[in-house]
Structure formats: C-alpha cells, structure tokens
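Notes for the structure review
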Amino acid sequence: MKVKFDSDTVQISIDKRIFSNKVIQKCFYWYTADYTVDFETVDEHFVSVTMTNKSQQEIDQVYLAQKIPQDLNDFLLRDIVQEETRDIRALIVAKAFANFEQEEDFPLEQIGDSLGFNTIS
Amino acid sequence: MITLPVTGAERKSRKFLDISHYDHAGNYHLLPFRFVALRNGREVLVNEIGDFLIVDKGTARRIINRKLDPFEDSELYADLIANFFISQTRVPALLEVIATRYRTKKSFLDHFTALHIFVITLRCEHTCHYCQVSRVSEDKDTFDMGRTHIDKGIELMMRSSNPHVTMEFQGGEALLAFDQIMYAVQRASAESQKIGKQISFVICTNLAPLKKEMLDFCLKYKIIISTSLDGPEFLHNKNRHKKRNDSYQLAISGIRKCREILGNDAVSALTTTSTLSLDYPHEIVGEYINLGFNSIFLRPISPFGFAVKNDRKNKYDTDRFLEFYKKGLDLIIEHNLNGNFFREDYASIILKKILSPFPVGYVDLQSPAGMINNVIVFNYDGYIYASDEARMLAEMKDYTFQLGHLDTAGYEDIFYGEKAFSFAESSVNESLPGCSDCAFQTYCGSDPVLNHSTQGNLIGHRPTSVFCQKNMGIISHLFELIDSDERILKIFNNWIEN
Ligand code: SF4
C-alpha cells in the first residue's frame, strides 16, 4: 500500500488482491466526515483512493500514514470474521426467533450449508 | 445477573478442562464477534450476544489469524471459548444457549408497544428557549386534547399486546389540563381492569401549577411524577424562562410536596443540558445530590424542532457534551467511591446492556428502534406519531412520521400500516452502514427520526451522526473506566442491580 500526500489530498494505492472492494469501501466510509473520497480502478490489481480534505483543519500526515493502514487491516479482519461466521450467525438468529414451544430441531437446510452443517450428526 | 470477565489474560480462577484437552494453535473456529480499539492501548471484543472481553491491542488480529496458542494463552483461550468468541467445533455445542441469550437480548420486542404518550395539552406558562412545542395560551379548546380523542387513544392502548402499558401525560404543561388527566386516568383504569391489563401512569410536569388536590388524585391512582430540574437556581431559571423568574423555586417546592404526599420514589427529575449547562457539570450533579436524589440523567438537548432554529443558545457540539458528560460522571463515580449510592441513568442503561444478559426498555437505544415498537404518541389534536421527537418534527411542518389520526385510523393501520413498515429497514442497526461492523452494536440502537431530521434520510451517515458520536464516545469511555479500576466495575454492577 502506498500513501501519497499533497496539501489538500491523500492518495492511497491499494492492492485488491489483499483488500477487497467491500473492505476498502467500509474502511473509507469512516473518513467521509472530513474528506471527499473517490475510488478509481487503476488496473486489474490496484485501486486508487483519493481523499480530498473538506474540513478546516490541515491534513495530519503522520497520523494518517499510520491510521489508514491500521484501519484497512482492521476492516480486513472484520471481514474475515463476518465471512467465516455468516452461517453460524444466521443459525443463531433463526434459532432465537424460531418457535420455542416446537419440539423438533430447527431445519438446518433452510440456513444454507456452506459450513457443511448437514453432515454433522 | 452475570458478571462477565473484564481482562481475559489476567483471570486466574476459571475451572476448565486441562489444556491438553484443546487442539493445537489455530485449530479453532471463529464465532461472530466485533472489536474496536480503546484509547487506553487496549481493545474490546464483543460477541453477538453482548458478552465482552477487554484485551491487549492486537489480540483480535491474533485470534482471527489463528495465532492463538492454547498453551501460552491458556487463560485467554479458555475465556474466548467460555464466552462464545471461538469454538472447538464448527457448530458450537452450546448453540442453543447462544440462541436463547440472543432471544433474551431482543425480548423487549416480545410484548410490543408499552409506552403510550398522550400530549394532553400544548399550553404552557413557561417560554423555555429550547422548547419545541408549547404555546402560551388560554385557549383550551384548541390546545387541549378532546375527550373523544382521549377515549380513542385509550381504546388503542388497550389493544396493545403488552400486558403492562404506561400512559404518560405530556405537554406543554400537562397539569394545566388536569381535568383531562383525571378523566383519562379514571377511564383507562376502568378499561384496563376489565381486561386485566396492568397500567402505570406518569405525568411529565414542571410542577409550577401543582395543587394539593392534584397530588391527592396522584396518590389514589399511584401516578408517578416526572419533573424537570436543570441544575442550580441560576441555571434552571435561565434555561426555563418564566415571567416571575421563579421556575426553580416552584420546581423545588413541588418536588418537596410530591415526596411528602406520594413518597420519594414517586417523583423523579430529568435534566436538559443546554449550551449554558455545559459549563456546569459539577454544579448540576451537586444539585441533584444535595436534593436527595439517588440518580441523575445527563441527557443532551435534542436537536429537534425549534431547538435547531436557536443556534446561539442551543447548538452545541457533541464533543462539548461528551466533555461535560465525562466530568459529571467522574464526580458521580467519586461520590460512589466515597461510600454513597448515586447513579447516572444513561450510563446505567448502557451498562445493563453490557453487564447483564437482559435488554433495557429505553426507546432511544434499541434495535429495532423504539418508535412504534415501544412507544406511540397521541397528540393533543388527535394526530398519531411514531415517537415524541416525531411530533416535534411535525411542529416544524415535517409530517414524515405522522401515522394517522385518532378519528380515522384503526389499530392495524397505525401499528402495521405501510408507514410503519417503511421505517422498519432503517430501524435495525445490525444492517445500517457503519453500525453493521461496530463493536458497540448490541449496546447501541438506531434512530431513524433523528437521522431524518439531522441528515435528511432515514438511514443516516454514521461518520457525521450526533447519535453515533455521542454513543460511541460514551460506550468506549465506560469500557475504559471498567478496565481502569475494579472498584468502578463494582460500582457499575451496583447501579444496574439497584
Ligand atoms: S450508531 Fe455508532 S456507536 Fe452506535 S452502533 Fe452505530 S456505529 Fe456503533
């Protein structure tokens, strides 16, 4: 990841093989209070993010150079948890709101089976 | 009440299977959880049911990247398994327990609308600069709620599936229409007895028009008094403008009379934090302590209605509010550390969500949002609104959250109608941008009315949302306090148990 600064903008070049579009967008969403954020696909592998300062305060380069990679990595981790636990989460919610008086187990096949629930006895 | 572990790594007492029972490093499955860094160099992990662990920064990364070593990190590993952050099997053995806990967290939805606000009059003798709705007027016919509308409101309230409803009278100044309150209370009591529904009554009042006969009536019907006290005399009178500048004196003598006749527990007071109040957190908290209250609700003035039009006096930024809030909370904690019991109510609401498995019936901090699900407003003129803030918006000619009129709308039209459904999507913070990844999601809520009024759409924009900034600031501060001193955790547990 490369971060370039000039007086009013910050340009970040991000490898999409590491950070998906979803991760990139979720991360830079939180910068939209102080910056206008534009995304541009550079090539098959790289996306360029341009943040233009819209606040009164000057860009703190030292702070951002450390914060942006940290935030991207955190959103990547969040994405891993979300993807890996999607089905379990759906199962928890479905079971929670299923009719508790019903004796039979909640039918797992309605939840999706990417973790292979159906093979677990 | 379950007290959850605070610092996983420091826990020594957990009884758990021998470490040889566990697989080797990284051989575990993740369960849904979210995390965020605190300002004290630590981070908090929160799972789907609101259980938390405060750990060293970088722990989430190690867990997710399967770098956790069950031998070196044995205590943390055990905590993560016991508190449903990771599992040794793809489907955790205690899935039923997690699902039941999730259901409990959302059990505020089980009974549907509890709080029914009757805006009994718009008349008021105060002219508070931040008041969004009231009118100084003698015109009862125009500004008091008519009896046909009271009857219809009660009829709808009786149809709520909630076995325990609250009928809250608001104004203007509600006591100016006390004849209507008496009629409404007597009728609602009779109707609720017929169908075995429990009903609580609350009158929100500045206490200025209070008379002995009113208190006798309140005593008979066990009516709770909720009044306003903004702090010491100079502050209260500045906030609550009244002709003779005697708002404070009337409130204080009213509180005394209420306590004498109704008992201490039947009267509570709320602060409204105006721009001026922000300079006086200690004085405000001190006033409540001196008056013998055992709690205070440090709440910001809402950015609705006429309030947004009065920039100089009312528009303060959330940072200043947070600074004010933290100073006030520090003083309250110090008072508790000195052996007294005194609680901050907003913190207590959030702490109950953090430290107990139970939900809190507080309409401003729920997902799905409290409007309609937990609160409905019948306005003096018969119009029905999704929340108290929604009727204030209507005073500014914004009728987005108007659900119908008592003369014409049926129960289904109001509670299950198209409008109610159209708000549902933006009511759930689990699916809102920003909130969906937020570690504080289970403790926070959503407020489509506030989003609409301050940001122009129901979904809102979290990075610039005052609701988000305030809650994120307060919740992370509470976690930092919990992590800083075990005695503070004890105080917090005490607050939510009492
Ligand atoms: S409003 Fe803010 S603090 Fe609350 S859940 Fe959403 S992102 Fe988190």
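Reference entry: report on the structure contained in this document.

Basis of the calculations
Once a new chain begins, its residue numbering starts again from 1 and follows that chain's sequence as written. A letter from A marks each chain and a number from 1 marks each ligand, given out in the order of writing. It should be noted that, the model being predicted, local features are given only for residues of pLDDT at least 70 and side-chain atom pairs only at 80 or more, the latter also being counted only at that level, while totals for whole chains, interfaces and linings use all residues. In computing side-chain values, all of the structure's heavy atoms are included and hydrogens and water are not. A run of DSSP states H or I qualifies as a helix once it reaches four residues; a run of E qualifies as a strand once it reaches two. Both are numbered from the N-terminal end. Here's how the labels work: a residue is buried when its accessible area is under 20% of the maximum for its type, exposed when over 50%, partly exposed in between, all with a 1.4 Å probe on protein chains only. The contact criterion used throughout is that any non-hydrogen atoms of two residues lie within 4.5 Å. Exposure was quantified through the Shrake-Rupley algorithm and a 1.4 Å probe, taking into account, for residues, occlusion by the shown protein chains and nothing else. The nearness test applies per residue and asks whether one of its heavy atoms lies within 4 Å of the molecule or strand. In this analysis, the protein atoms alone were mapped onto a 1 Å grid. Cavities are point sets where a 1.4 Å probe fits without being able to get out; pockets are open sets with protein on both sides within 12 Å along at least five of seven lines; lining residues have an atom within 4 Å of a point. To decide whether a molecule occupies a pocket or cavity, check its atoms: if more than half lie within 2 Å of the grid points, it is inside. Amino acids are sorted into nonpolar (Ala, Val, Leu, Ile, Met, Phe, Trp, Tyr, Cys and Pro), charged (Asp, Glu, Lys and Arg) and polar (every other residue, Gly among them). Summed over both partners, the accessible area lost on bringing two parts together, with a 1.4 Å probe, is the buried area. Salt bridges are defined as contacts in which a side-chain nitrogen from Lys or Arg sits within 4 Å of a carboxyl oxygen from Asp or Glu. Only strands joined by at least two bridges in the DSSP assignment are considered to pair. Lines fitted to C-alpha atoms define the axes, with helix axes restricted to the stretch in contact, and inter-axis angles between N-to-C directions lie between 0 and 180 degrees. Polar contacts here mean pairs of N or O atoms no more than 3.5 Å apart (in protein, one a potential hydrogen donor and the other a potential acceptor; neighbouring residues in sequence count only if both atoms are side-chain atoms). The term nonpolar core refers to a set of buried residues drawn from Ala, Val, Leu, Ile, Met, Phe, Trp, Tyr and Cys, joined through side-chain atoms within 4.5 Å. The split into domains, and so the bounds of each, comes from an automatic or database assignment of domains. Pairing of aromatic rings covers Phe, Tyr and Trp, the last counted by its six-membered ring, and requires centre-to-centre distances within 6.5 Å; plane angles under 30 degrees mean stacked, over 60 mean edge-to-face, and any other angle means tilted. Over a ring means this: the NZ of a Lys or the CZ of an Arg is within 6 Å of the ring centre and within 35 degrees of the ring normal.

Attention shifts here to the overall build of chain B. The helix and strand inventory of chain B stands at 19 helices and 15 strands. The buried share among the 498 residues of chain B stands at 60%. Restricting the contact set of chain B to residue pairs at least 6 apart, pairs at least 24 apart contribute 71%. Accessible surface computed for chain B: about 20,400 Å², of which carbon and sulfur atoms make up 50%.

Before going further, it helps to spend a moment on the site of the ligand. In the neighbourhood of the ligand, the contacting residues comprise A:W30, B:G434, B:C435, B:C438, B:Q441, B:C444, B:R462, B:F467, B:C468 and B:M472. With respect to the ligand, its neighbouring residues span chains A and B. Judged by the fraction of its atoms near the pocket grid, the ligand is located in the second largest cavity. Partitioned by chemical class, the residues of the shell around the ligand number seven nonpolar, two polar and one charged.

This paragraph deals with the interface of chain A and chain B. Listed by partner, the interface residues are 29 residues for chain A and 36 residues for chain B. When the two sides are added together, the surface that chain A and chain B hide from each other amounts to roughly 2,900 Å², 68% of it contributed by carbon and sulfur. Broken down residue by residue, the surface that chain A buries against chain B is led by A:Y29, A:W30 and A:I92, which jointly contribute 21%. Run the count over chain A and chain B and you get four salt bridges. The shortest N-O distance in the salt bridge between B:E48 and A:R89 comes to 2.7 Å.

As a general point, the strands of a sheet are linked pairwise by backbone hydrogen bonds and lie either parallel or antiparallel. Residues and elements named next belong to chain B. Within the open sheet, the three strands sit side by side as 2-3-4. Their pairing is antiparallel. If you trace the sheet from one side to the other, it starts and ends with strand 2 (33-37) and strand 4 (52-56), each paired once. Direction aside, the axes of adjacent strands within the sheet are offset by 25 degrees on average. Set on the sheet, helix 18 (residues 466-484) makes contact with strand 3 (42-47) and strand 4; between it and strand 4 the angle comes to about 70 degrees.

In this section: the pattern of salt bridges. As enumerated under the stated definition, the model contains 27 salt bridges over all chains in all. A salt bridge links B:K106 to B:E430; the shortest N-O distance between them is 2.7 Å. Here B:K106 is found in the loop between helix 3 (95-105) and strand 6 (115-119), whereas its partner B:E430 is found in the loop between helix 16 (418-424) and helix 17 (448-455), with 324 residues between them in sequence. Judged by its relative accessible area of 12%, B:K106 falls in the buried class. The structure contains a network of salt bridges with shared partners spanning A:K22, A:D79, A:E83 and A:R86.

This paragraph deals with the side chain of A:K95. You can see A:K95 is positioned in helix 2 (residues 61-97). Using a relative accessible area of 12% as the deciding quantity, one classes A:K95 as buried. A distance of 2.7 Å separates polar atoms of two side chains, one belonging to A:K95 and the other to B:E96.

Attention now moves to the sheet that holds strand 1 (residues 2-5) of chain A. Residues and elements named next belong to chain A. Spatially, 1-2-4-3 is the arrangement adopted by the four strands of the open sheet, whose pairing is antiparallel. Because the sheet does not close on itself, it has two edges, and the strands there are strand 1 and strand 3 (35-41). Between one strand axis and the next, the sheet turns through 15 degrees on average, direction left out of account. Bridge count for strand 3 against strand 4 (residues 46-53) is seven bridges, and the pairing is antiparallel. The residue of strand 4 that forms the bridge with Y35 is N53. The strands touched by helix 2 are strand 1, strand 2 (9-15), strand 3 and strand 4; relative to strand 2, the strand with the most contacts, the crossing angle is about 30 degrees.

Residues and elements named next belong to chain B. The biggest cluster of nonpolar side chains holds 120 residues, and the ones touching the most others in it are M167, F169, I203, F479 and F492. Residue assignment places this core across two domains, with domain 1 (8-105) and domain 2 (112-415) each supplying three or more. If we ignore the near neighbours within four places in the chain, the residues touching F169 are F118, I120, A174, I181, A184, V185, F201, V202, I203 and C204.

Enumeration over the complete set of coordinates arrives at 28 aromatic pairs over all chains. Between B:F321 and B:F324 the ring centres are 5.9 Å apart and the planes differ by 40 degrees, which places this aromatic pair in the tilted class. Of this pair, B:F321 and B:F324 both sit in helix 12 (residues 318-337), three residues apart, roughly one helical turn. A residue is classified by how much of its surface remains accessible, and B:F321, at 1% relative accessible area, is buried. The exposure class assigned to B:F324 is buried, which follows from its relative accessible area of 2%. Summarising the aromatic geometry, the rings of B:F492 and B:W495 are spaced 5.2 Å apart at their centres and angled 50 degrees between planes, so their arrangement reads as tilted. In this pair, B:F492 and B:W495 are both assigned in helix 19 (residues 486-497), three residues apart and thus about one turn of the helix distant. Given the relative accessible area of 0%, B:F492 is considered buried. What makes B:W495 buried here is its relative accessible area of 1%. Put simply, the rings of A:F28, A:Y31, A:Y35 and A:F39 pair up and form one aromatic cluster. In this structure, A:R78 is placed above the aromatic ring of A:F75, and the distance from its NZ or CZ to the ring centre is 4.7 Å. The cationic tip of B:R259 hangs over the ring face of B:F293; the distance from NZ or CZ to the ring centre is 4.5 Å.

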